[in-house]
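# Coordinate analysis (summary)
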Amino acid sequence: MIWLIVLLTIPLLLIITVGNGLPEVFGSRVLAINLGVFAYSWMLSAIFLSTQPKWLDRIIGLPDMYIIHGVTAIFAVIFMYLHDQLLKSSGLIKLTGEWAMYIFMAIIVYSLVFMAGWLTSRISILMKIKKVLEKIFKHELSMWIHRLNLVAAVLAFLHVLLIPYIRSIVPFTVLVILYTVIAFGAYGYYAYNKYLNVQVGILKNVRKVDENITELTITTGKSVLRKIEAGDFSFISFPNVKGMKEPHPFSILNIPERDGYVQMSIEGVGDFTENLSNLEVGEKVNLTRGYGVLSSMIEKSGKNEKFVLIGGGIGVVPLLGLADKFDDKDITFLYTVKKDKKLLYQEKFELWNERSNFKSYCQNGRFTSEQLSDYLPIGDDYNYIIAGPMVMNISYEKLLKEKGIGKNRIFYEGFNF
């Protein structure tokens, strides 16, 4: 439904109004004009989705929202190019239109490598390129480059209003202005909350739980804690630390509202995360509300529905909070790490295993086919939540489908952004 709204419903009013108001003399240009209309509406939709609207996150999850954001932007570039090829212009109209297209196209290509984890996790060559280049193009630089989308959108807006016969179609012009104001207004509100109206916390504890994994404990106000659920992830940044001022997302380990603090376990895999262990207690932390659908999904489940949690490596973190929170649910927990890594938080599993409705299997190295046949419960009353590397997520999804489990019973968040 979200795809339908973004790709068709939103542009529909613009298509209708421009079609009804277009002078007959320009009838041969209808296709090219409509391509441009679709491109501009999709560009604005991509900007709106980048603001991470809370209501949409709780419906489909932020990772899926980012996929829609990225694919919509790609469609916009394709339609921009076709529009440019089919409808020639000159002067400022040509200049604003082409610069909007070139800037947006360049950002899309850049983002597909550095910011579209949902794509790089599936295409190995893109992942290799990203790992080589990200040593130069740090995350903070990538975020600023990505914001050039706003410049492209302004140029596209001017391009539309500079065309006399288009500008004379009053209902269309009013809608274009309205759509643009909504998209930029949403982005302005998002930027205000992100940089000016930030939720402030204090770093209470920094602890190494493994050689390359750092646990952070952050205290903050009760109003913030109420907005972060077990199984969520939150964006954090350190405004007073060089190179750590841009927000990064990490999974929540605990139950914040119950415990009175936010806890995260984070693996050092980049310039930001590798510096976490060097932070000092008392450091100021900016953090956002929680994102994710895992907790609400379990809360809305039926009384007799059961859950299988499958965690791999550091991906196990959000599942730990869920297992802790939903002690009234029947849970089977499968957890593996690489042979040379440490199984995290085994003391939690020892405690939970005392519950009659909880069963866990934890080991170094992958489960064999025989082990999975013994450990993995299969049935229509089970829901399967997977959290780990994307390759593992896809592999387990395929395995479960082969065992007759419907797609609506299998869930994982593609934590790749």
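For the structure, see preceding data.
Residues numbered from 1 in each chain as written. Predicted model: local features only at pLDDT ≥ 70, side-chain atom pairs only at ≥ 80, totals over all residues. Heavy atoms only, no water.

## Some words on the pairing of strand S9 (residues 358-364)
Keep this limit in mind: Pairing between two strands requires that DSSP report at least two bridges joining them. Strands are runs of DSSP state E lasting at least 2 residues, helices are runs of H or I lasting at least 4, and numbering of each runs from the N terminus.
Note: strand S8 (residues 331-337) against S9, seven bridges, orientation parallel. Pairing of Tyr335 across the sheet is with Cys362, part of S9.

## Digging into the sheet that holds S8
Going by this rule: An axis is simply a line fitted to the C-alpha atoms; with a helix, the fit covers only the stretch in contact. Between two such axes, the angle follows the N-to-C directions and lies from 0 to 180 degrees.
Judged by pairing direction, the sheet is parallel, and its five strands sit side by side in the order S9-S8-S7-S10-S11 without closing on themselves. The two strands at the open ends of the sheet, each matched to only one other strand, are S9 and strand S11 (410-412). Along the sheet, successive strands turn relative to each other by an average axial angle of 15 degrees, direction set aside. Alignment of strand S7 (residues 306-312) against S8, held across six bridges, turns out to be parallel.

## Description of a positive patch on the surface
Our working rule: To count toward a patch, a residue needs a relative accessible area over 30% and no salt bridge; like charges are then connected within 9 Å, while nonpolar side chains (Val, Leu, Ile, Met, Phe, Trp, Tyr) are connected within 5 Å. Computed with a 1.4 Å probe, the accessible areas rest on the Shrake-Rupley method; for each residue, only the protein chains presented here act as cover. Should a side-chain nitrogen of Lys or Arg be within 4 Å of a carboxyl oxygen of Asp or Glu, the pair is scored as a salt bridge. None of His or the chain ends enter the tally, which takes Lys and Arg as positive and Asp and Glu as negative. Think of each charge as sitting on NZ of Lys, CZ of Arg, CG of Asp or CD of Glu. Only protein chains enter the accessibility calculation, which uses a 1.4 Å probe. A residue is then buried if its area is under 20% of the maximum for its type, exposed if over 50%, and partly exposed in between.
Where like charges cluster on the molecular surface, the positive patch consists of Lys54, Lys222, Arg226 and Lys227. With respect to the helices and strands, the residue Lys222 is situated in helix H12 (residues 222-225). The exposure class assigned to Lys222 is exposed, which follows from its relative accessible area of 66%.

## What to know about the pattern of salt bridges
All told, the structure shown has twelve salt bridges when counted by the stated rule. A salt bridge links Glu246 to Arg147; its shortest N-O distance comes to 3.0 Å. Linking Glu246 in the loop between strand S3 (233-237) and strand S4 (248-251) with Arg147 in the loop between helix H8 (139-146) and helix H9 (149-161), this pair joins segments that are 99 residues apart in sequence. The salt bridge partner of Glu299 is Lys325, with a shortest N-O separation of 3.0 Å. A residue pair is termed long-range when its members are at least 10 positions apart, and Glu299 in helix H15 (residues 294-299) and Lys325 in helix H16 (residues 317-325) qualify at 26 residues. Residue classification places Glu299 among the partly exposed residues on the basis of a relative accessible area of 46%.

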